[in-house]
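Each chain, letter by letter, is given below.
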Amino acid sequence: MSTATRRFPLTDWTVVVPVVALLALAFSWGRDLPGFAVALVALCLCGAVLAAVHHAEVVAHRVGEPFGSLVLAVAVTVIEVALIVTLMADGGDKTASLARDTVFAAVMITCNGIVGLSLLVGALRNRVAVFNAEGSGAALATVATLAVLSLVLPTFTTSKPGPEFSTAQLAFAAVASLALYGLFIAVQTVRHRDYFLPVDTASAAKPAAGAPGRGAGAGGGAGAGGDAGNDGGDGDGEHAAPPTARAALVSLGLLLVALIAVVGDAKAVSPTIEAGVAKAGLPNAVVGVIIALLVLAPETLAAVRAARRDRVQTSLNLAYGSAIASIGLTIPAIALATIWLSGPLLLGLGPIHMVLLALTVVVSALTIAPGRATLLQGGVHLVLLAAYLFLAVSP
């Protein structure tokens, strides 16, 4: 039975796993866990990730694109913000750079990892991965602007020593981030929604079919109603009936439960991660990278599955939407949290990371502009992610 019509019996793993993961969070919260308990929590975390992807696809199939991608991106980011604030409140000065490390890791993972994997999967399936250049280009421009305003400028401002914003500068960055995020959502979901709908691969695969990236009008109808919100395989269930409103609401609730469990269980195992990082002699920034990898796992799986169903635009919506939400919601939340958080807030990137960010923006622009990509573009983005991860471990 497809995910569009199933009724989620209480014995279904997609119902049981999020609840078990939430119970694991309740029993592990605030406790020092032995090794076997950490392993069990980590197992629950992995199961919650898979359940989150399933329920996100059900919701996406009901509401269509680009709302489906938006639901998962915003839900994950809101809970990610709560995780960052909680860790910073408990960690004191040693977590001064946690927000910067986690947000930058999210940008690199989404813009290079998720995008690279999606393009690779899409190109392997159809030789050329096609998408809408207008919508993806607008999303990339928003990511680049938010990243520079929030993560690059603090390194060069002089009102406060170190890579920090003054209070007024942080307030401006927070307001600007929220304004850009709100504007992007309005454009994505209302004014230019067709720019973010999946492209008709049959008509867009050939250059003669029209301008690159302008297949949303023809392919948008199928994308809006038949998004990757089913388990029918590579396109087998594209035209399955959307789930009922009740089934979608149940999935939305279970999605939130699964995401809370993902982030909460990630926090429960974070002391073990921090201890392991310190014992291995790795930089503290590696903790932020690991947290971002864990939190973004549902979006990564959902994006790859969408690419397998010829919905590369949905994958890019997830990737860039997550990056925009990560900066656009985290910076305002952290700015508000500084009212009660003690210690410095280091936001400015170092030279190595600024070079990687600049290279990512340039390569991404060249990838998005034609509206189609091959294996090469996917490989280039994955190499950039590999370089970031390697330099995070060995700066």
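Residues numbered from 1 in each chain as written. Predicted model: local features only at pLDDT ≥ 70, side-chain atom pairs only at ≥ 80, totals over all residues. Heavy atoms only, no water.

**Overview of the overall build of the protein chain**
Then comes step 1: On a plain count of helices and strands, the protein chain comes out with 14 helices and 2 strands.
Then comes step 2: Of all 395 residues assigned to the protein chain, the portion counted as buried reaches 53%.
Then comes step 3: For the protein chain, contacts bridging at least 24 residues in sequence account for 84% of all contacts bridging at least 6.
Then comes step 4: For the protein chain, the computed accessible surface area is about 16,000 Å², with 70% contributed by carbon and sulfur atoms. (Helix = DSSP H or I, 4+ residues; strand = E, 2+ residues; numbered from the N terminus. Buried < 20%, exposed > 50% of the residue type's maximum accessible area, 1.4 Å probe, protein only. Contact = heavy atoms within 4.5 Å. Areas by Shrake-Rupley, 256 points an atom, 1.4 Å probe, with all protein chains shown as cover.)

**Some thoughts on empty space enclosed by the protein**
Then comes step 1: With the rule as written, the count across this model stands at 4 cavities of 30 Å³ or more.
Then comes step 2: In terms of lining, the second largest cavity is formed by 12 residues, of which the most central are Leu70, Ala73, Phe184, Ile185 and Gly321.
Then comes step 3: When residues of the lining of the second largest cavity are traced back to their parent elements, those giving at least two are α3 (67–91), α6 (167–191) and α12 (312–337).
Then comes step 4: Grouping the amino acids of the lining of the second largest cavity by side-chain chemistry returns 8 nonpolar, 4 polar and no charged. (1 Å grid on protein atoms, 1.4 Å probe; cavity = no way out; pocket = protein on both sides within 12 Å on 5 of 7 lines; lining within 4 Å. Points joined across faces, edges and corners; volume = space filled by probe spheres on them. Nonpolar A, V, L, I, M, F, W, Y, C, P; charged D, E, K, R; others polar.)

**Let's talk about the state of the cysteines**
Then comes step 1: In total, this model carries 0 disulfides according to the counting rule given.
Then comes step 2: Its sulfur unpaired, Cys44 is 9.3 Å from the next cysteine sulfur, which belongs to Cys46. (Disulfide = S-S within 2.5 Å.)

**Some thoughts on the nonpolar core**
Then comes step 1: In this structure, Met88, Tyr320 and Tyr388 are the most contacted members of the largest nonpolar core, which totals 87 residues.
Then comes step 2: Among the elements that make up this core, the one with the highest residue count is α12 (14 residues).
Then comes step 3: If sequence neighbours within four positions are ignored, Met88 has contacts with Thr95, Leu98, Ala99, Ile334, Leu341 and Leu345.
Then comes step 4: Ala24, Cys44, Ala48 and Val49 belong to the second largest nonpolar core, which has 9 residues in total. (Core = buried A, V, L, I, M, F, W, Y, C linked by side-chain atoms within 4.5 Å.)

**What to know about the packing of aromatic side chains**
Then comes step 1: For the structure shown, the criterion picks out 2 aromatic pairs.
Then comes step 2: With centroids separated by 5.7 Å and ring planes inclined at 90°, the aromatic side chains of Phe184 and Phe196 adopt a geometry described as edge-to-face. Pair noted here: Phe184 is in helix α6 and Phe196 is in the loop between α6 and α7 (201–204), with a separation of 12 residues, a long-range link.
Then comes step 3: Since its relative accessible area comes to 7%, Phe184 is described here as buried. (Phe/Tyr/Trp six-rings, centres within 6.5 Å; stacked < 30°, edge-to-face > 60°.)

**Description of helix α11 (residues 297–308)**
Then comes step 1: Here α11 spans 17 Å end to end across 12 residues, near enough to the 16 Å set by a 1.5 Å rise per residue.
Then comes step 2: All of the buried residues along α11 are Pro298, Glu299, Thr300, Ala302, Ala303, Ala306 and Ala307. (Expected span 1.5 Å × (residues − 1).)

**Describing the environment of Ala133**
Then comes step 1: Note that Ala133 resides in helix α5 (residues 133–156).
Then comes step 2: According to the relative accessible area criterion, Ala133 is buried, its value standing at 15%.
Then comes step 3: Separated by 232 residues in the primary sequence, Ala133 and Ala365 have C-alpha atoms spaced 9.7 Å apart.

**Let's talk about α12**
Then comes step 1: Its 26 residues place the ends of α12 36 Å apart at the C-alpha level, agreeing with the 38 Å of an ideal helix rising 1.5 Å per residue.
Then comes step 2: Within α12, 24 of the 26 residues are buried, leaving the element largely enclosed by the surrounding structure.

**Topic: the environment of Leu124**
Then comes step 1: Along the chain, the position of Leu124 falls in helix α4 (residues 98–126).
Then comes step 2: Note on Leu124: relative accessible area 60%, which makes it exposed.
Then comes step 3: Each C-alpha atom of the pair Leu124 and Leu375 lies 7.1 Å from the other, and the pair is 251 residues apart in sequence.

**Some details on the side chain of Ser326**
Then comes step 1: Examined against the element boundaries, Ser326 turns out to sit in helix α12.
Then comes step 2: Judged by relative accessible area, which is 1%, Ser326 ranks as buried.
Then comes step 3: In this structure, Ser326 is in contact with Thr77, Glu80, Val103 and Ala106, ignoring residues within four places of it in sequence.

**Description of the packing of α5 against helix α13 (residues 351–368)**
Then comes step 1: At a minimum axis separation of 10 Å, α5 and α13 run at an interaxial angle of 170°. Of the possible angle classes, the one that applies to α5 and α13 is roughly antiparallel. Facing Ala133, Ser136, Gly137, Leu140, Ala144, Ala147, Val152, Thr155 and Phe156 of α5, the residues of α13 in contact are Met354, Leu357, Val361, Ser364, Ala365 and Ile368.
Then comes step 2: Broken down by class, the residue content of the contact of α5 with α13 amounts to 11 nonpolar, 4 polar and no charged. (Axes fitted to C-alpha atoms, helices over the stretch in contact; angles between N-to-C directions. Parallel < 35°, antiparallel > 145°, perpendicular 65-115°, else oblique.)

**So, the confidence of the model for the protein chain**
Then comes step 1: Overall, the prediction assigns the protein chain a mean pLDDT of 80, with 84% of residues at 70 or greater.
Then comes step 2: Contacts of residues 1–6 to residues separated by more than four positions or lying in other chains number 17 contacts, the stretch itself having pLDDT below 50.
Then comes step 3: Segment residues 207–239: pLDDT under 50, and 75 contacts once partners within four positions in sequence are set aside and those in other chains are kept. (pLDDT = per-residue confidence, 0-100.)

**Comments concerning the environment of Phe27**
Then comes step 1: Relative to the helices and strands, Phe27 resides in helix α1 (residues 13–28).
Then comes step 2: Phe27 gets classed as exposed once you look at its relative accessible area, which sits at 60%.
Then comes step 3: For the pair Phe27 and Ala268, spaced 241 residues apart in sequence, the C-alpha to C-alpha distance is 9.9 Å.

**Some words on the side chain of Ser150**
Then comes step 1: Within the secondary structure, Ser150 is located in helix α5.
Then comes step 2: On the basis of relative accessible area, Ser150 is assigned to the buried category, the value being 0%.

**Quick look at the pattern of salt bridges**
Then comes step 1: Throughout the structure, instances matching the rule amount to 3 salt bridges.
Then comes step 2: Its salt-bridge partner being Asp101, residue Arg100 comes within 3.2 Å of it at the nearest N-O pair. Summarising the burial analysis for this pair, Arg100 and Asp101 share the class buried.
Then comes step 3: The partner of Lys160 in a salt bridge is Glu164, and the shortest N-O contact between them spans 3.6 Å. (Salt bridge = Lys/Arg side-chain N within 4 Å of Asp/Glu carboxyl O.)

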